[in-house]
Amino acid sequence: MTLTASCGLEIPLRIEINPRARRLILRLDEKKREAVAVAPSRRHVRDAARFAAERIDWAATRLRSLPPQVSLTDGGVIRLRGEDCRITLDGEGRRARLIEGEPFMLSLPGDPETIARRAERYLKSAAREDLAAAVEDYCDVLGVAVRRVTIKDTRSRWGSCTSDGRLAFSWRLIMAPPDVLEYVAAHECAHLLEMNHSPRFWAHVARCRPHWKKERAWLRKHGASLHAVAA
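This structure is a prediction, so every number in the text was calculated from the model and none was measured.

Visitor: Tell me about the overall build of the chain, residues and numbers included.
Guide: What the chain contains, in helices and strands, is 6 helices and 13 strands. Considering only C-alpha atoms, the chain reaches an extent of 55 × 50 × 30 Å along its principal axes. A total of 231 residues make up the chain; the buried ones form 42% of that total. At a minimum sequence separation of 6, the contacts of the chain that also span at least 24 residues come to 47%.

The structure is reproduced here in structure tokens:
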């Protein structure tokens, strides 16, 4: 189903059934660039569609404020550790290789049909390497131990920490400047001491990243651009 906003923008609408929902909800799937109407049961599907139609201008405003999507395709330019990086099929052999220059070149020789998957795999591997190193450093600073570090494609959080010492991070942090990635790593390591955002928690973060406010501000301002890379 497609709805048309008053500005003329056509927006795909997806309806989801969630028995735990206590009311009709309209949200935006920024990755797929579509509106999502959530209904408590199937008998509320028509109500959900009508609810979305009445509020589609809100979704249109949100969509138009998002940065343009970037595809992981041959010739596409993404950010890697805060620097421009062009994806290319050119190169020898079959292994992914990062070539320094202005811009950097991510060489992914092989089947053009699989370039997006291979680019994402490279970025996830780079994120895992950088985040694991950062976590190790900040665990040493704070005197804590981590059980496991995993890389995910989360939408609402850049990182998370469980009470049993497991840390998870968005692989998209590899596209941010290194200081920003380091801040998120320090933030989650600090949660190993304080599972809250109390003054004591932020004091732990400041021990690791004295300029954490500036790094957090960058993420709040530019985080949507990291999610705009289609993977």
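What follows picks up the thread again.
Visitor: So what about the nonpolar core? Which residues, and what values?
Guide: Generally speaking, soluble globular proteins have nonpolar side chains that are buried together. Membership of the largest hydrophobic core comes to 46 residues, with the highest contact counts inside it found for Leu123, Leu131, Phe169, Leu173 and Ile174. Looking at this core, the elements that each hand over two or more residues are β6 (77–80), β7 (83–88), α3 (115–142), β12 (166–170), α4 (178–191), α5 (199–208) and α6 (212–227). In terms of residue count, the dominant contributor to this core is α3 (12 residues). Excluding residues that lie within four positions of it along the chain, Leu173 makes contacts with Leu131, Trp158, Leu181, Val184 and Leu219. Counting residues in each nonpolar core, the second largest holds 18 residues, with Leu3, Ala48, Ala59 and Leu66 among its members.

Visitor: Which residues make up the sheet that holds strand β10 (residues 148–152), and what are the values?
Guide: Pairing within the open sheet is mixed, and its 3 strands lie in the order β10-β12-β11. The open sheet has two edge strands, β10 and β11 (159–161), and neither has a second partner. Adjacent strand axes in the sheet meet at a mean angle of 15°, parallel and antiparallel pairs treated alike. Sheet analysis places β11 next to β12, joined by 3 bridges and oriented antiparallel. By the bridge assignment, Ser160 is partnered in β12 with Ala168. Strand contacts of α3: β10 and β12, with the helix running at about 145° to β10, the strand carrying the most contacts.

Visitor: Hey, could you go over the pairing of strand β3 (residues 25–29) for me, with residue numbers and the actual values?
Guide: Two elements, β3 and strand β4 (residues 34–39), share 5 bridges in a ladder whose sense is antiparallel. Within β4, the residue paired with Leu28 across the bridge is Ala35. The hairpin turn running from β3 into β4, its antiparallel successor, is 4 residues long, and Arg33 in that turn takes a positive phi close to 55°.

Visitor: An account of the packing of aromatic side chains is needed here, citing residue identities and associated values.
Guide: All chains considered together, the criterion is met by 2 aromatic pairs. Here the aromatic rings of Phe201 and Trp202 are separated by 4.8 Å at their centres, their planes lie at 75°, and the arrangement is edge-to-face. Trp202 carries the same exposure label as Phe201, and that label is buried. Taking the centre distance of 4.2 Å and the plane angle of 15° together, the rings of Trp202 and Trp212 count as stacked. You can see Trp202 sitting in helix α5 and its partner Trp212 sitting in helix α6, a full 10 residues away along the chain. By relative accessible area, which is 18% here, Trp202 ends up buried. Trp212 gets classed as buried once you look at its relative accessible area, which sits at 10%. Through a chain of ring-to-ring contacts, the aromatic side chains of Phe201, Trp202 and Trp212 assemble into a single cluster.

Procedures and definitions
Residues numbered from 1 in each chain as written. Predicted model: local features only at pLDDT ≥ 70, side-chain atom pairs only at ≥ 80, totals over all residues. Heavy atoms only, no water. Helix = DSSP H or I, 4+ residues; strand = E, 2+ residues; numbered from the N terminus. Buried < 20%, exposed > 50% of the residue type's maximum accessible area, 1.4 Å probe, protein only. Contact = heavy atoms within 4.5 Å. Core = buried A, V, L, I, M, F, W, Y, C linked by side-chain atoms within 4.5 Å. Pairing = 2+ DSSP bridges. Axes fitted to C-alpha atoms, helices over the stretch in contact; angles between N-to-C directions. Phe/Tyr/Trp six-rings, centres within 6.5 Å; stacked < 30°, edge-to-face > 60°.

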